Amino acid sequence: MAEQTTINAALAGTIDIGGDLSVNRFGFGAMRLTGEGIWGEPRDPEECKRVLRRVLELGINLIDTADSYGPQVSERLIAEALYPYPDELVIATKGGLTRPGPNRWNPNGRPEHLRAACEGSLKRLRVDRIDVYQLHRPDPEVPFEESVGTLVELKNEGKIRHIALSNVTVDELERAQKLTPIVSVQNRYSLFERSSEPVLEACSLEDVAFIPWRPVEGGEVISAGGAVGQIAMKYRATPTQVALAWLLAHSPVMLPIPGTSKVAHLEENLGAVALELAPAELAELDQLAVEG
Ligand SMILES: NC(=O)c1ccc[n+]([C@@H]2O[C@H](COP(=O)([O-])OP(=O)(O)OC[C@H]3O[C@@H](n4cnc5c(N)ncnc54)[C@H](OP(=O)(O)O)[C@@H]3O)[C@@H](O)[C@H]2O)c1
């Protein structure tokens, strides 16, 4: 029988998180382990747990989640499937959004809410300290420094190991950095959506990990034609793999976290780490967003 080779996330290389954590540069986004509208239980909870166990088998050691996914469902499933966690696993969660219903996300960056959210995540994830805690989104009703300051207090109390941000501008990143070290920024970014390029550049300059959310455009990349389709065909790869390989090549601080509720999609997506695109192909893909 032919020897079976399994692709491992280690092929993507590693990235430093906060000076004392190192993860493979290909993570997993756990938002899709929930029901429709990121609300309630997933349709197939057992497959979701298989996905989480396969994540670890494939060498992925950063899982991204949030208290608001479900809400609570994603964090709970992670603990149910993976606790006790292996030492190398880094779980990055978030607080700062409330969920009045399916597809609805309301910012709440008030200190009392962030404290309660962090306590809830500690309990659900069954940990004493959260490795990476991300402010999910600045709350326009609350001074940004007050929200970040609460995370600094939680860190000083030993409940958070590292502080991170999500959905921020360069200005907000710099303001937060005046208060505390920021280990990562998670903004929407993909081959087709690059409005956060300035934030990515700021992260590159300072060796802050940049975590692009919606890296495969919610699955829509599967039908990409044009240059993406042609390059995919040449390598017998899928457009989704090409989009992820481009992300990995685009910046050394890029840490994609494609999400899925299916083992087959997880394995397909990880295939991107073995796909090395030629410089001319990367340059052609670079042009896609410029052309719109
Ligand atoms: N910070 C924020 O504000 C924010 C916002 C959104 C997301 N996030 C984080 O970023 C992660 C990724 O974002 P995302 O889930 O919105 O978008 P994404 O990773 O671009 O796409 C995930 C969607 O694409 C589908 N998909 C994935 N791989 C596929 C494949 N190979 N073939 C076909 N379909 C595929 C999945 O469906 P199946 O389940 O059917 O595979 C899922 O619906 C989330 O899990 C979450 O951790 C953060």
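Residues numbered from 1 in each chain as written. Predicted model: local features only at pLDDT ≥ 70, side-chain atom pairs only at ≥ 80, totals over all residues. Heavy atoms only, no water.

**Student:** Just to check I follow, could you spell out the packing of aromatic side chains for this structure?
**Tutor:** Geometrically, a pair of aromatic rings is defined through the distance of the ring centres and the angle of the planes. Counted according to the given criterion, the structure contains 4 aromatic pairs. Geometrically, the ring pair formed by Tyr-83 and Tyr-85 is edge-to-face, given 5.4 Å between the ring centres and 90° between the ring planes. Among the residues examined, Tyr-83 registers a relative accessible area of 40% and is labelled partly exposed. A relative accessible area of 17% places Tyr-85 in the buried class. Summarising the aromatic geometry, the rings of Tyr-189 and Trp-246 are spaced 6.2 Å apart at their centres and angled 15° between planes, so their arrangement reads as stacked. With Tyr-189 in the loop between strand 10 (182-188) and helix 6 (197-206) and Trp-246 in helix 8 (residues 239-250), this residue pair connects regions lying 57 residues apart in the sequence. The same class applies to Tyr-189 as to Trp-246, namely buried. The structure contains a cluster of three or more aromatic residues connected by ring pairs, namely Tyr-189, Phe-210 and Trp-246. (Phe/Tyr/Trp six-rings, centres within 6.5 Å; stacked < 30°, edge-to-face > 60°. Buried < 20%, exposed > 50% of the residue type's maximum accessible area, 1.4 Å probe, protein only. Helix = DSSP H or I, 4+ residues; strand = E, 2+ residues; numbered from the N terminus.)

**Student:** Just to check I follow, could you spell out the sheet that holds strand 4 (residues 62-64) for this structure?
**Tutor:** Taking strand neighbours across the sheet as the criterion, the 7 strands line up as 3-4-5-8-9-10-11 in an open arrangement whose pairing is parallel. The two strands at the open ends of the sheet, each matched to only one other strand, are strand 3 (28-29) and strand 11 (209-213). (Pairing = 2+ DSSP bridges.)

**Student:** Mind showing me how you'd approach the site of the ligand here?
**Tutor:** Inspection of the region around the ligand gives 29 residues, with Asp-64, Thr-260, Ser-261, Lys-262 and His-265 positioned closest. A distance of 2.9 Å separates an oxygen atom of the ligand from a polar side-chain atom of Asn-167. The fraction of the free accessible surface of the ligand (890 Å²) that becomes covered by protein chains is 90%. A total of 3 residues in the shell around the ligand trace back to one element, the largest contributor, which is helix 9 (residues 263-270). Split by residue class, the shell around the ligand holds 9 nonpolar, 13 polar and 7 charged. (Near = heavy atom within 4 Å. Polar contact = N/O pair within 3.5 Å; in protein donor to acceptor, adjacent residues only side chain to side chain. Areas by Shrake-Rupley, 256 points an atom, 1.4 Å probe, with all protein chains shown as cover. Nonpolar A, V, L, I, M, F, W, Y, C, P; charged D, E, K, R; others polar.)

**Student:** Which parts of the structure should I look at to understand the environment of Leu-247?
**Tutor:** Relative to the helices and strands, Leu-247 is located in helix 8. Counting along the chain gives 218 residues from Leu-247 to Gly-29, while the straight-line C-alpha distance between them is 15 Å.

**Student:** Please explain helix 8 as it appears in this structure.
**Tutor:** The periodicity of an α-helix, 3.6 residues per turn, causes residues three or four places apart in sequence to face the same way. Helix length check: helix 8 (12 residues) gives 16 Å between terminal C-alpha atoms against 16 Å at 1.5 Å per residue, within 8%. The element helix 8 is extensively covered by neighbouring structure, given that 10 of its 12 residues are classed as buried. Among the residues of helix 8, those classed as buried are Pro-239, Thr-240, Gln-241, Val-242, Ala-243, Leu-244, Ala-245, Trp-246, Leu-247 and Leu-248. (Expected span 1.5 Å × (residues − 1).)

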